[in-house]
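Chain residues, written in single-letter form:
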Amino acid sequence: MRFDIYTTDEQGNHYDIEMQVSDPHNIAKRIRYYQTASSMEAYDKGQPYEQADDSYVIFFCNFDPFQLGQQRYVLHKHIDEIPEKIIEDGQTDILFNVPSLRHDVDPKMQAFLDMIAQRKVEATDPLVVKLKERIAVVKRNRKWRSEYMRRSVYEMDQEMREKKIREGERKIRDGKLELLEGKREIKEGQDRLKEKEQLIQEREQKLHENQQTIIKTSIVAMKALNIDETTIRKEIKEKFNLSDKEIKDYFAE
């Protein structure tokens, strides 16, 4: 992987410093990625765990990384049940909200943040003077300027890939939701169709029962008028459009 700045101090502490120009909306996972890589450098083969060097990942963000209004966010592990209890595992993540105007950091860091944000800075601060000198050297150096452009193109390409991945994931999520919604609508349609079919069957059964009652009543009434059975059969069959078997069954009862 590529670090923007990776260095160690006299005590062996490891520092990974990264610049984040645009908000990738995955800052927490990105921090974990860099911290994992940096932490691996803090362990020497065969060295006891307690002798591992401390590891710091520092992000300078051109946006508020957590949208909580702080100028600086310092992250440590803690116990959920006892939030004030910090786990001393040697890992520290620090994120600076460069556009913030809160001035919650010390003057030297504030001057550095102002320089990154291209705000007005007093030129008397030694750090500011040194940084401006180095920036002027870099701007005059064709090789470094070319490398800066190459890295900028790389970062833009990386951001585009990540954006396409996020867009693809969003489309997959939307597709799954649409599929679930379609299945739900199909299920509701099937249920409504089943209800209608049942209602039709019930109405057909009721109609059949009513017709049977009318036919039986008609046969009884016609017999009471001493109409012969042959005539009754003919009248009932034609009136109710019955088959020979159906008319036979009525008279067999």
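Residues numbered from 1 in each chain as written. Predicted model: local features only at pLDDT ≥ 70, side-chain atom pairs only at ≥ 80, totals over all residues. Heavy atoms only, no water.

S.K.: Quick question: what am I supposed to make of the packing of aromatic side chains here?
M.R.: Working definition: an aromatic ring pair is given by the centre-to-centre distance plus the angle between the planes. Inspection of the entire model under this criterion finds 6 aromatic pairs. Measuring from centroid to centroid gives 5.0 Å for Y15 and Y56, while their planes differ by 10 degrees, and the two rings are stacked. With Y15 in strand 2 (residues 14-20) and Y56 in strand 3 (residues 55-61), the pair connects residues that are 41 residues apart, well separated along the chain. Here Y56 falls in the partly exposed class, since its relative accessible area comes to 21%. Taking 5.1 Å as the distance between ring centres and 75 degrees as the angle between the ring planes, the aromatic pair formed by F60 and F112 counts as edge-to-face. Placement of F60 in strand 3 and of F112 in helix 2 (residues 107-116) is noted, with a sequence separation of 52 residues between them. The buried category is assigned to F60, whose relative accessible area is 5%. Each member of the aromatic cluster is reached from another via a ring pair, and the members are Y33, Y34 and F59. (Phe/Tyr/Trp six-rings, centres within 6.5 Å; stacked < 30°, edge-to-face > 60°. Helix = DSSP H or I, 4+ residues; strand = E, 2+ residues; numbered from the N terminus. Buried < 20%, exposed > 50% of the residue type's maximum accessible area, 1.4 Å probe, protein only.)

S.K.: Whenever I open this one, the pattern of salt bridges confuses me. Can you help?
M.R.: Note on pairing: side chains with opposite charge can pair once their charged atoms come close. What the rule picks out here adds up to 11 salt bridges. Across the pair E167 and R170 runs a salt bridge, and its minimum N-O distance is 2.4 Å. Separated by 3 residues within a single helix, E167 and R170 lie in helix 4 (residues 142-224), roughly one turn from each other. Given the relative accessible area of 33%, E167 is considered partly exposed. Taking relative accessible area as the criterion, R170 reaches 34% and is therefore assigned partly exposed. Residue K237 pairs with D244 through a salt bridge whose shortest N-O separation is 2.2 Å. Taking the relative accessible area as the measure of exposure, D244 reaches 53% and is therefore exposed. (Salt bridge = Lys/Arg side-chain N within 4 Å of Asp/Glu carboxyl O.)

S.K.: Just checking my understanding: could you explain the confidence of the model for the protein for this structure?
M.R.: Note: predicted coordinates in regions of low pLDDT should not be interpreted at a detailed level. Confidence in the prediction for the protein averages 83 pLDDT; 87% of positions are at 70 or higher. Across the protein, strand 4 (residues 72-75) holds the top mean pLDDT of 95, while helix 3 (residues 126-140) sits lowest at 75. (pLDDT = per-residue confidence, 0-100.)

S.K.: How should the nonpolar core be read in this particular structure?
M.R.: Within soluble globular proteins, side chains that are nonpolar tend to cluster in buried spots. In terms of nonpolar packing, the biggest core is built from 10 residues, these being I215, I219, M222, I232, I236, F240, L242, I247, Y250 and F251. If you list the elements that add at least two residues to this core, you get helix 4, helix 5 (229-240) and helix 6 (244-252). Membership of the second largest hydrophobic core comes to 9 residues, among which are I27, I31, C61 and L95. (Core = buried A, V, L, I, M, F, W, Y, C linked by side-chain atoms within 4.5 Å.)

S.K.: Would you explain a nonpolar patch on the surface in this entry?
M.R.: There is a patch of nonpolar side chains on the surface, built from I79, I82 and I87 and spanning about 200 Å² of accessible area. As for its placement among the helices and strands, I87 is situated in the loop between strand 6 (82-86) and strand 7 (91-97). Classification of I87 as partly exposed rests on a relative accessible area of 33%. (Patch = residues over 30% accessible without salt bridge, like charges linked within 9 Å, V, L, I, M, F, W, Y side chains within 5 Å. Areas by Shrake-Rupley, 256 points an atom, 1.4 Å probe, with all protein chains shown as cover.)

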